[in-house]
Amino acid sequence: MHDQREVTEARLARALTQRIAPAVHSGALPVEVAAWHAPGEPVPVADGLGADYAPFAVGTPWGPPWSTTWFRLRGQVPAPWAGRPVEVVLDLGTRARDVGFQAEGLVYTAAGEPVKAINPLSTWIPVPAGATTFEFFVEAASNPDVLGGGGAAFEPSPLGDVLTAPRDPLYVLARAEVCVRETEVAELLADLEVLGGLMQELPLEDARRWELLRGVDSALDALDPHDVAGTAARARAVLAPLFAAPARASAHRVSAVGHAHIDSAWLWPLRETVRKVARTTANVTQLMDVHPSFSYAMSSAQQFAWLAEHRPEVHEKVRARIAEGRFVPVGSTWVESDTNMVGSEAMVRQFVEGKEFFAREYGVDTQEAWLPDSFGYSAALPQIMKLAGVRWFLTQKISWNADNRFPHHTFDWEGIDGTRIFTHFPPVDTYNSELSAKELAHAARNFAEKGRAHWSLVPFGWGDGGGGPTREMLQRADRLADLDGSPRVSLHSPREFFTTAEADYPDRPVWSGELYLELHRGTYTSQARTKQGNRRDEHLLREAELWATTAAVRTGAPYPAARLQELWRTVLLHQFHDILPGSSIAWVHREAEQTHERVRHELEDLIRAALDAVTGDGTTDMVVNSTPHDRGGVPALGVGVPESTGAPVQVSTDGDGTVLDNGILRLRVDAGGNVVSVRDLVEDREVLLPGTSAGLLQLHRDTPNRWDAWDVDAHYRHVVRDLTEAESVVVNPDSGDGATVVVVRRVGASTLTQVVRLPRGESRIGFTLQADWHEREALLKASFGVDVHADRSAAEIQFGHVFRATHENTSWDASRFEVCAHRWIHVGEPGYGVAVTNSATYGHDVTRSAVDGGRPGTTVRLSLLRAPLSPDPEADQGHHVLAYSMVVGAQIADAVREGYRENLGGRDVRGAGPVEPLLRVEDPAVVVEAVKLAQDGSGDVVVRLYESLGGRVRSRVDWGFPVASVTEVDLLERPLEQGATTVRAGGVSVALRPFQILSLRLARG
Ligand SMILES: [Zn+2]
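Here is a short report on the structure shown in this document. What you are looking at is a predicted structure, and each value in this text was computed from that prediction instead of being measured.

## Structural notes on the layout of surface pockets
Estimates place the volume of the second largest pocket at around 930 Å³. Lining the second largest pocket are 30 residues, and of these A21, L121, T123, L189 and E472 lie nearest its centre. Secondary structure elements with two or more residues in the lining of the second largest pocket: α1 (5-20), β6 (86-91), β12 (175-181), α3 (183-201) and α12 (471-479). In terms of residues, the lining of the second largest pocket owes the most to one element, α12, which gives five residues. Within the lining of the second largest pocket, the residues separate by chemical class into 14 nonpolar, seven polar and nine charged.

As structure tokens, this is what we get:
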């Protein structure tokens, strides 16, 4: 037989695009269009509906970047169309690709009823059956494609802020017509797309492929290209036998879950996400009115809260579908946050605020974590999830790994404490599936558990303002339920998938430790001010809760629960996976910096008021210790008079350098202001590697191949400049809190002022960098080359730490050339180590440095500042103050203590006298992470502790206030089976596993 395959395939492709798709709408008649251009930011719906409209012609430009135009569409339905489905087709002038990165609209009736959205691939508006006239209003947002090409070009652009964007219109209104929808043509289109797509995925040796080819050819013979509508049914009849063949017994099983990944801010500001959510959910509820069978999963309690506040008319429709169980809140968190950088208690609150919102608003107990797009996953998460009542975890981001293919798609993920959680990576490798044959075939081929497990999840729907699932996707799902050659597709809710997949695969493989994303390593560093605001506010929240609780218990002061919740939610929102990582446009980061600052002021007010209440009136000068460790004679979580801090630091000259000596450390600073020697006088050893200096500033070229704000590529290390030249070096003798050396360096257009401080009585060197930073595409590092033989480094994560190799033996080790740490990173050999702590830095690298002919030392570097050009061309420009410390002779316990201390400076207060802490913990391995009043307003005190060193520990926890009962609770403060605590007079004895988190609820007596 002659091979006509390619001819038939080309015949089908042309018929689909040029004959059949255009025939879905017939009889097109023009619609009367009028418009009103909102003068500034978006207006309330009522204002848009009641605005003063002027005639507007198709073919006219509209919409400067970020502006809003309201269109009014009026027309009549011709009498001969009675009884047929009638739709208005509105093309705002978008491309039929790059969905989610262009103009969008939300359609309302004149009465303010939401209808559905207009998106690049969903341009239709249904005219109610039987209507003879219609009137619609469309709130159209002129959102620019900031990155270009739907996010692939990474050219610096002024479009990312309304303050810098040009004012010329971006779009031309392309079409506004009323038409008949030819349903049989639409069905034929779906038939041929599904069969044609499946055909392309089958092997050439598979007879089914040829069966489909012959069938398609015959169907196209039956279709009259000049009367598509009149002959569509005839063509479909030819295809019917092909759909009758059932799927093969071994076919992969797919749970298709309606979804739209809507980034809470990214290439648009927060306010636009509010509208993106409204548009997408309006589409979903409209689709649910017509298609009874599909479920839609939406994450992020924040997005539901926005809908309730700003678009209550859409929210009511959503609420009704939630009650039916079809619109499914998922994810359990306030937003889809980053998980690398979010602090311990904040990671807890993501789940607490998320789960409590879903339970209170909708009566829904979410049981899964849904973070498809965050940039790697902390090994603390399994325990946090489990303690929040989460059973299942979903992501697909690790499929983006640049170097190593992750071995599993369904597995148990084991965290640092040993907790395991059922985890699924959809093998379809996207969270925006169209349910195309190509995607489904990829999911089946890619699924790593083949032969042992049978189910995978496919999230389908356009994200980010593309509008979510479409009726075309549902047509595909219907046809793929049981079709020879295809995976079997079932429309499921996430819970249906997880329970099915869990039962299907009882004996799962285990992955232990972090889910490191081998990409986007620059997100630990980009937009340093956003990160600093987050870190500072997280610690202020700790202080505000601690002191407000202390004030409530000690003085009966009212607990500002509502204000604290609002401030927490604000900080949690800004931990979204494109805000805290620094990958958003300028507008987002400009607002984030302002918001973090507002939160800081409000928290400082709360802390001040609480401390005023607990310290009382008086003239005793005291220090507040908000850290979980005793400090300078002031107990942890208490207020007291500090002890004197040791002998003054001796300063002397040594040739052209300076020597600083506090009796514990002796530093030598050369004429360039470089700390070229750190001698540990207690252990009598030189700490630095030969030829290095402590805190050496190094400037790298930083030009990633793509994803500028996201990525640091390994080749950044090829080009480096050590900043050892000083413009000035000023030595300040010890005037009370240690001696300092102030070093001013200039590089390029930037000025870097480094203050090196040797305090009294401590084995710690403090560094403060004030940067007037004007470099572009550069990465500034601070380096500590230490003479310590360490095969691995320890880095703080939430409620513990992870170890990572310092060598590059395997491709997995090598790929971790830039890593995330919270407040400290530690390298050590038995009996001796060095910690580097920081106040706002997350990016680090740790390498082995050969000295003395190959004997390895260890170099720890902080990634202080970047300056990517996309998506924010001004990212990181300007003023920064960054603090970090080198802690000499440190064990991990010292690193934990100094990490808290670096971030919780002692506050000076004056009052009547010392304030006893609410509780004391005997063993310093047990760390108090949070002290607060209970979420339920009962007045119970909730204390969150964890074992911080990775060992087993038994410790007393004693309280300094009357306690009637003690209950172990989960993160939502619900009782757990007592396991860790034994009650004793005035306190409890707790026994903790390595890295165990323990929350205690203390009912006041
Ligand atoms: Zn995302």
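Now that the structure has been shown, the text picks up again.
## Topic: the nonpolar core
Across soluble globular proteins, nonpolar side chains show a tendency to be buried alongside one another. One finds W413, L515, V678, L780, L864 and M886 to be the most contacted residues of the largest nonpolar core, which totals 260 residues. With residues up to four places along the chain from it excluded, the contact list for V678 reads L665, R666, L667, R685, E686, V687, L688, A694, I765 and V888. Ranked by size, the runner-up nonpolar core spans 28 residues in total, among them V86, V88, V115 and I118.

## A short note on the side chain of D338
Inspection of the secondary structure puts D338 in the loop between β15 (327-329) and α9 (344-362). As a buried residue without a salt bridge, D338 has its nearest oppositely charged side chain in K531, at a separation of 7.8 Å. A polar contact of 2.6 Å, which involves the side chain of D338, links it to the backbone nitrogen of M341. Residues contacting D338, with those up to four places away along its chain left out, are M347, S374, Q575, F576, H577, L580 and P581.

## Topic: empty space enclosed by the protein
Within the structure shown, the criterion is met by nine cavities of 30 Å³ or more. Quantified by volume, the largest cavity comes out at close to 200 Å³. Every residue lining the largest cavity is counted, 20 residues in all, and those nearest its centre are S344, E538, H539, R823 and E929. Taken together, the elements giving at least two residues each to the lining of the largest cavity come down to α9, α14 (528-555) and β47 (926-933). Looking at the lining of the largest cavity, the element that brings in the most residues is α14, giving six residues. Counted as a void, the second largest cavity has a volume near 70 Å³.

## Quick look at helix α7 (residues 301-310)
By the criterion of burial, α7 is predominantly enclosed, with seven of the ten residues buried. Among all positions of α7, only A301, Q302, Q303, F304, A305, W306 and L307 are buried. Summarising the contacts, the buried residues of α7 are in contact with α6 (270-290), β14 (296-298), α8 (312-324), β15, α9 and α15 (561-573).

## Thoughts on the sheet that holds strand β8 (residues 114-118)
The strand order across the open sheet formed by six strands is β3-β2-β5-β10-β7-β8, and the pairing between neighbours is antiparallel. Looking at strand neighbours, the two that pair on one side only are β3 (54-55) and β8, the edges of this open sheet. Direction of pairing for strand β7 (residues 104-109) relative to β8: antiparallel, over a ladder of three bridges. Residue pairing for β8: L106 is matched across the bridge by A117. With respect to the sheet, α6 is in contact with β5 (68-76), β7, β8 and β10 (133-141), its orientation differing from that of β8 by roughly 110 degrees.

## As for the packing of aromatic side chains
Here the structure, examined in full by the defined rule, presents 35 aromatic pairs. An angle of 65 degrees between the planes, with centres 5.3 Å apart, marks the rings of Y377 and F393 as edge-to-face. With Y377 in the loop between β16 (368-370) and α10 (381-387) and F393 in strand β17 (residues 392-394), this residue pair connects regions lying 16 residues apart in the sequence. What makes F393 buried here is its relative accessible area of 0%. Their ring planes at 45 degrees and their centres at 5.6 Å tell us that W511 and W812 sit as a pair that is tilted. Linking W511 in strand β22 (residues 510-512) with W812 in helix α17 (residues 811-815), this pair joins segments that are 301 residues apart in sequence. Since its relative accessible area comes to 25%, W812 is described here as partly exposed.

Rules of the game
- Residues numbered from 1 in each chain as written.
- Predicted model: local features only at pLDDT ≥ 70, side-chain atom pairs only at ≥ 80, totals over all residues.
- Heavy atoms only, no water.
- 1 Å grid on protein atoms, 1.4 Å probe; cavity = no way out; pocket = protein on both sides within 12 Å on 5 of 7 lines; lining within 4 Å.
- Points joined across faces, edges and corners; volume = space filled by probe spheres on them.
- Helix = DSSP H or I, 4+ residues; strand = E, 2+ residues; numbered from the N terminus.
- Nonpolar A, V, L, I, M, F, W, Y, C, P; charged D, E, K, R; others polar.
- Core = buried A, V, L, I, M, F, W, Y, C linked by side-chain atoms within 4.5 Å.
- Buried < 20%, exposed > 50% of the residue type's maximum accessible area, 1.4 Å probe, protein only.
- Contact = heavy atoms within 4.5 Å.
- Lys, Arg positive; Asp, Glu negative; His and termini not counted.
- Salt bridge = Lys/Arg side-chain N within 4 Å of Asp/Glu carboxyl O.
- Polar contact = N/O pair within 3.5 Å; in protein donor to acceptor, adjacent residues only side chain to side chain.
- Pairing = 2+ DSSP bridges.
- Axes fitted to C-alpha atoms, helices over the stretch in contact; angles between N-to-C directions.
- Phe/Tyr/Trp six-rings, centres within 6.5 Å; stacked < 30°, edge-to-face > 60°.

The analysis is restricted to geometry; functional conclusions fall outside its scope.
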